[in-house]
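Observations on the three-dimensional arrangement
Residue strings, one per chain:
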Amino acid sequence: MSSLTIRYALPEDAELIAELSQQTFLETFADQNSKENMDKFMKETFTREALINEVGIPGNIFLLAFNENKAVGYARVRESDNPPGLANSPAFEIARIYATAGAIGTGVGKRLMQHCIDLSREKGKEILWLGVWEHNQRAIDFYKKWGFEKFSTHTFMLGDDPQTDWLMKKKL
């Protein structure tokens, strides 16, 4: 994917980010979860309106990946309260990093991750952390290749299904 570009999202990209968010979430998790729980999560939590509103929240930084003029992935990095285990370390959270199904394996994730790391270092952060579903082995393997290690867990509610996310961190 030689024509892959990454850029910071602008406020006018909010609808595109919402569309990408819903598309990639469904592509990634619909096959491993019940339709009822996926529908409930999408209707109550992961709504288009809520996703559009995230773009304007202070501390949120969105990166968009394009192959030519087609959006193929995105990342959401944010300043958030550190989970237990990170104390008061200056940290950024990768709240989301996704590639569209057709772009997986083309380097989109790698380029987005490098941008997240570079951004974190530029902002003087010492730790980059994220949550990942314990059954998303492809993502866990990807994060381990980047030097992330598990340090805790937390519960993520997908509809009515309490799921366990691994919390992983990388020292910068």
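Going by the structure above, here's the rest.
In what follows, the accompanying structure is described. (Residues numbered from 1 in each chain as written. Predicted model: local features only at pLDDT ≥ 70, side-chain atom pairs only at ≥ 80, totals over all residues. Heavy atoms only, no water.)

A separate point is the nonpolar core. One finds Ile-94, Val-108, Leu-112, Met-113, Val-132, Tyr-143 and Phe-148 to be the most contacted residues of the largest nonpolar core, which totals 29 residues. With six residues, helix α4 (residues 108–122) is the single largest residue contributor to this core. Apart from residues no more than four positions distant in its own chain, Leu-112 is found in contact with Ile-6, Leu-63, Ala-65, Gly-73, Tyr-74, Ala-75, Ile-97 and Tyr-98. (Core = buried A, V, L, I, M, F, W, Y, C linked by side-chain atoms within 4.5 Å. Buried < 20%, exposed > 50% of the residue type's maximum accessible area, 1.4 Å probe, protein only. Helix = DSSP H or I, 4+ residues; strand = E, 2+ residues; numbered from the N terminus. Contact = heavy atoms within 4.5 Å.)

Helix α2 (residues 35–44) packs onto helix α1 (residues 14–29) with a crossing angle of 165° between their chain directions and a minimal axis gap of 12 Å. The angle between α1 and α2 falls in the class roughly antiparallel. For α1 against α2, the interelement crossing comes out right-handed. Residues Gln-22, Phe-25, Leu-26 and Phe-29 of α1 form the contact with α2, whose participating residues are Met-38, Phe-41 and Met-42. Tallied by class, the residues present in the contact of α1 with α2 amount to six nonpolar, one polar and no charged. (Axes fitted to C-alpha atoms, helices over the stretch in contact; angles between N-to-C directions. Parallel < 35°, antiparallel > 145°, perpendicular 65-115°, else oblique. Left-handed = near helix turned anticlockwise from the far one by under 90°. Nonpolar A, V, L, I, M, F, W, Y, C, P; charged D, E, K, R; others polar.)

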